[in-house]
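# Report on the structure
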Amino acid sequence: MRRLRWVQLASVGLAPLIAAAPALVPALAVATGATAMAATAAPASASDGAIGSRIAAIRVIGNHRITTATILSYILLRPGDPFSSRRINLSLKTLYATGLFSDVSINRQGNDLVIRVVENPVVNEVFFRGNKVLKDKDLSKSVSLKPGAVFTREAAAADTKTILGEYAKKGHYDAKVNVSIVKLPENRVNVVFNCTDGPLTPISRINFIGNAHYSQARLRGAISSGQSTWYSFLSTSDHYSPERVRYDEELLRRFYFHHGYADFRIKNTTAQLAPNRKSFYLTFVIDEGPRYRVSSVRVVSSVKHLSASSLRGLVHIYKGDWFDGDALRSAVKAISDAVQNRGFAFAQVEPDITENHKNDTIALTFRVIEGPRVYINSVNIFGNTRTDDAVIRRQITLAPGDPFNQNAVDQSKQNLENLGFFKPQSVSIKPAPASQPDEVNLDVRVAEQSTGQFSLGGGYSTGLGALANAGLSQNNFLGTGINASISALVAQRGTQFNFGVTNPYFYGRNLLAGVDVFRTDTYNYSSYVFSESAIGADIRFGWRYNRHVSQTFTYTISSRTIYNVANGVSFYILNEEGKTSLSQVGQSLSFDYLNNIINPSKGSEFILNTDFAGLGGTAKYLRVGIHASHYIPLKHYLGNKDWVLEFRGHVGYLFDLFGYKTTLADRYFLGGDSLLGFQDGGVGPHDTTYGDSLGGRFIWTGDTLLHFPLPAGRGTGLSGFAFVDVGSLSLISSQTLNGKPLPIYDNAAPRISAGVGVAWDTPFGMIDVSFAEPIKKYKYDQVEQFRVSFGKRF
């Protein structure tokens, strides 16, 4: 608590005034928690409290670090001025307001004005103790007290509040922070913030008020936050965050808008701490409003030479449909893309929604208008401290001088997000006024995230057995956009090592260049009765023709060895024991129309691969392969984006060239991850004497998968899938022994399996656990019902 000091007048002959001093000179109390001071002076007849006589000199006592001139610059009195109680009081307040002093007094000694100060200490170092959730470097950036700053209790209290706010962002609302100081010589202090992280503050209850058409459970499934459960340790969805709640509000609006409730609104959202302060109760008060049907759909064009009738087929909304906000956005984008592709750079699409509240219907009109002719003046980039401007700029499809195009802006934003260099939802591209009325600047703002990753893990895979893996990768090496990685996997049944570097814009051009060095070993087990190793390297070049079509050329050189052949095996395998060499040129032509390259839910992809071996080496063959996939989102029907139907297929053929007979190292094998329900290599040509799998030259597969959400899946990376797999492997060049062909079983009939599984997206990669039942199988096929796999299947 502050002391209130009355300063006695020491001037001779003023005794009669002393008795009247309490009535003439007010006491000044500064309610800030430190020592309070007051100044008294003799009464003055002047309106500003002049006491009589003038100040002969002003003396400052107690200052060591702060100069006398600095202190005098803050006060309102100078030598020669009359003594003034009002100005003394204002000077005292001003000195306290600087934050430089812990104690100040001003008094009169004779005709001198004496200022006594006690300086606040200077911060020597700042320490954080007990913090595990928050890093020291992040806390150091957030607090105002830094080495060299003046320490005040007010600043320490403000920094404590700031640290608690940082804990709140991490979901630790029960965190505690207190400040202590360690006094050092020369009026310096070390500041220590003692932190107790406390447990995460989960959401124990989520309620909705005002929902008449959808259940509590259905609405909880529509938002990103979740109630705390026994499996919540797999997820962060039950952690309370104000930012997440705001996102939940937007998700609710989208949910109702998608289902036809165009007037939906959120009245109020409250997050209340439970009485024990250990969890939150989250409540959304909503007004659903009526559900609307579409009464009419029109496309109107006011752009010359652009027919509205040619655009109507792009709108998949029809009279009588329930209104769907998602379908509305899709229609606007489809029309905009078509208009832009036809060369109408300044055309804009404006949806007109007319509600009929009497009949609960909506009339939709898509107006295509000639927008203002606006051009790009400059592209400005903000927020990148590590990533080169050039890396970001090459993802922007607009350049200075181009017509402004919102679709191109949206695509540029998607391109930047696909890089993975920036924090989720941190990328923004917005037009800003330029110097000319027909120009705009594009302001690109990003927030970088860590692009390096070190992984260390272990587990079990049906194909490899017990395994341990380690990897180090950097997707944005030195901010250049270059990808560099090194990884190793050691398992019971094999080892893998790979080092690779890829530059997606070699020499700043639309040219991909990369190199890989690899070694793989697969040990004798299960269907295979031999071990195989390969060591080699490849070099890659490729380019992108447009946003959907790309092509890559690869040259591979490697040495392959078949060894550790078991006793009593097929002559086909014994005959191929030893080393072969490969010198191969390949190309891959890709047509990618997927909505997301990492986790697609809509669109198609088609890939054509060709490999020619024969430029040196012992292998001589031509291999042609086609991969295709198509995704259909079922959100429109089931209300959840995690419902996705996937179709994929693969066809491959291997041609022998120049009299060469393909070997085990060249041929296709079918089973395991490529055909669930069967062992690795469990389908295809087999030796009839020993039952050994020999591989084949012609393969085809077709898979149908239904991806669906799991009750425990939100935020945990868990999802479910059901599947039907079909495939076949056939064709192998027969061999002879003593002039007689060796018997083989080569049945090209399709094999079919069906089953269910669970996929878990972990930091170490995708883990699939599946159960499959073969529906159609044949002699010599080797069955496997339960399988654990690392990595996604193709």
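Residues numbered from 1 in each chain as written. Predicted model: local features only at pLDDT ≥ 70, side-chain atom pairs only at ≥ 80, totals over all residues. Heavy atoms only, no water.

Helix and strand counts for the protein come out as 12 helices and 39 strands. The C-alpha atoms of the protein give 38 Å as radius of gyration, which overshoots the globular expectation for 794 residues (28 Å, by more than 25%). Along the first, second and third principal axes, the C-alpha set of the protein runs to 140 × 70 × 55 Å. Looking at the protein residue by residue over its 794 residues, the buried ones come to 44%. Taking contacts inside the protein between residues at least 6 apart in sequence as the whole, the part at least 24 apart equals 60%. Counting 81 positive and 65 negative side-chain charges, the protein places the averaged centre of each group 6 Å from the other. (Helix = DSSP H or I, 4+ residues; strand = E, 2+ residues; numbered from the N terminus. Rg over C-alpha atoms; globule rule 2.2 N^0.38 Å. Buried < 20%, exposed > 50% of the residue type's maximum accessible area, 1.4 Å probe, protein only. Contact = heavy atoms within 4.5 Å. Lys, Arg positive; Asp, Glu negative; His and termini not counted. Charge placed at Lys NZ, Arg CZ, Asp CG, Glu CD.)

It is worth spelling out helix 10 (residues 406–419) at this point. Taking 1.5 Å of rise per residue, 14 residues should cover 20 Å, and helix 10 covers 20 Å from first to last C-alpha, within 8% of that figure. Every buried residue of helix 10 is listed here: N407, A408, V409, Q411, S412, N415 and L416. Each element contacted by the buried residues of helix 10 is listed here: helix 8 (325–341), helix 9 (389–393), strand 16 (428–433) and strand 17 (439–445). Here helix 10 starts with a cap whose side-chain oxygen sits 2.8 Å from the backbone nitrogen of N407, and that cap is N405. (Expected span 1.5 Å × (residues − 1). Polar contact = N/O pair within 3.5 Å; in protein donor to acceptor, adjacent residues only side chain to side chain.)

Strands belonging to one sheet form pairs held by backbone hydrogen bonds; the direction of such a pair is parallel or antiparallel. Pairing is mixed across the open sheet formed by 3 strands, whose spatial order is 15-17-16. Edge positions in the sheet fall to strand 15 (375–382) and strand 16, since each has one partner strand and no second. Here the average twist between neighbouring strands, direction ignored, is 25°. Pairing of strand 16 with strand 17 involves 6 bridges; the strand directions are antiparallel. (Pairing = 2+ DSSP bridges. Axes fitted to C-alpha atoms, helices over the stretch in contact; angles between N-to-C directions.)

Judged by side-chain polarity, F454, L456, L472, I486, F497, F499 and V517 come together as a nonpolar surface patch covering roughly 660 Å² of accessible area. Where the nonpolar patch is concerned, the elements lending two or more residues are strand 18 (452–461) and strand 21 (494–503). Along the chain, V517 turns up in strand 22 (residues 512–522). (Patch = residues over 30% accessible without salt bridge, like charges linked within 9 Å, V, L, I, M, F, W, Y side chains within 5 Å. Areas by Shrake-Rupley, 256 points an atom, 1.4 Å probe, with all protein chains shown as cover. Salt bridge = Lys/Arg side-chain N within 4 Å of Asp/Glu carboxyl O.)

With that settled, the discussion passes to unusual backbone geometry. Residues other than glycine seldom take positive phi values, yet E186 does so here, at roughly 60°. Mapped onto the elements of the fold, E186 is located in the loop between strand 7 (176–184) and strand 8 (188–196). Look at N187: it is not a glycine, yet its phi comes out positive at around 55°. Among the structural elements, N187 can be located in the loop between strand 7 and strand 8.

Let us look at the sheet that holds strand 4 (residues 101–109). Spatially, 3 strands are ordered 2-5-4 in an open sheet, and the strand pairing comes out mixed. The two strands at the open ends of the sheet, each matched to only one other strand, are strand 2 (57–61) and strand 4. Strand-to-strand, the axes of this sheet are offset by a mean angle of 15°, without reference to chain direction. Two strands pair when backbone bridges link them, and strand 4 and strand 5 (residues 112–119) are joined in this way by 8 bridges, in the antiparallel orientation. Its bridge partner being in strand 5, I106 is matched across the sheet by I115.

Looking now at helix 7 (residues 242–258). Counted at 1.5 Å a residue, the expected span for helix 7 with its 17 residues is 24 Å, and the 24 Å between its end C-alpha atoms agrees. All of the buried residues along helix 7 are V245, D248, E249, L251, L252, F255, Y256 and H258. Here the buried face of helix 7 lies against strand 9 (203–209), helix 6 (216–220), strand 10 (265–273), strand 11 (280–287), helix 8 and helix 12 (635–638). Following helix 7 by one or two positions, G260 adopts a phi angle in the positive range, close to 100°.

As a further point, take the environment of D438. For D438, the location among the structural elements is in the loop between strand 16 and strand 17. Remark: the alpha-carbon pair of D438 and I376, spanning 62 residues in sequence, is separated by 8.8 Å. Discounting residues that sit within four places of it in the chain, D438 has contacts with R373, V374 and Y375.

Our focus in this paragraph is the nonpolar core. The biggest cluster of nonpolar side chains holds 24 residues, and the ones touching the most others in it are I335, F366 and V368. Residue assignment for this core shows that the elements contributing at least two residues are strand 12 (293–301), helix 8, strand 13 (347–356) and strand 14 (361–370). Ranked by residue count, the leading element in this core is helix 8, at 6 residues. Once residues within four sequence positions are removed from consideration, I335 is found in contact with V299, L311, L314, V315, V349, F366 and V368. (Core = buried A, V, L, I, M, F, W, Y, C linked by side-chain atoms within 4.5 Å.)

What follows deals with a positive patch on the surface. Taken together, the side chains of K135, K137, K141, K170 and K423 make up a positively charged region of the molecular surface. With respect to the helices and strands, K423 occurs in the loop between helix 10 and strand 16.

Counted under the stated rule, the structure contains 27 salt bridges. For K176, the salt bridge is made with D174, and the minimal N-O distance between the two is 3.7 Å. Residue D174 is classed as buried on the basis of its relative accessible area, which comes to 17%. With a closest N to O distance of 3.3 Å, D174 and K278 form a salt bridge.

This brings us to the environment of N595. Mapped onto the secondary structure, N595 falls in the loop between strand 25 (578–592) and strand 26 (603–613). With residues near it in sequence (within four places) discarded, N595 still touches P600, S601 and K602. At 2.9 Å, the side chain of N595 and the side chain of S601 are in polar contact.

As a further point, take the confidence of the model for the protein. Looking at the protein as a whole, the pLDDT averages 86, with 91% of positions reaching at least 70. Here residues 1–47 is a poorly scored stretch, pLDDT under 50, and it has 78 contacts once near neighbours within four places are set aside; other chains count. (pLDDT = per-residue confidence, 0-100.)

Moving on, we come to the side chain of S225. Note that S225 resides in the loop between helix 6 and helix 7. For S225, a relative accessible area of 1% gives the class buried. Separated by 2.5 Å, the side chains of S225 and D248 make a polar contact.

Per the counting criterion, the structure on display carries 24 aromatic pairs. Seen in terms of ring centroids, Y256 and Y261 are 5.4 Å apart; in terms of plane orientation they differ by 80°. Their pairing is edge-to-face. Both residues of the pair, Y256 and Y261, count as buried. The rings of Y214, F255, Y256, Y261 and F264 are connected pair by pair, giving a single aromatic cluster. Here the basic side chain of R291 rests over the ring of W322, its NZ or CZ set 3.9 Å away from the ring centre. Note that R445 overlies the ring of F382, its terminal NZ or CZ placed 4.3 Å from the centroid. (Phe/Tyr/Trp six-rings, centres within 6.5 Å; stacked < 30°, edge-to-face > 60°. Lys NZ or Arg CZ within 6 Å of the ring centre and 35° of its normal.)

Turning our attention to the environment of L311. Within the secondary structure, L311 is located in the loop between strand 12 and helix 8. The buried category is assigned to L311, whose relative accessible area is 0%. Residues L311 and S336, 25 residues apart in the sequence, show an inter-C-alpha distance of 9.8 Å. With sequence-adjacent residues up to four places away left out, L311 is seen in contact with V299, L306, I335, A338, V339, R342 and V368.

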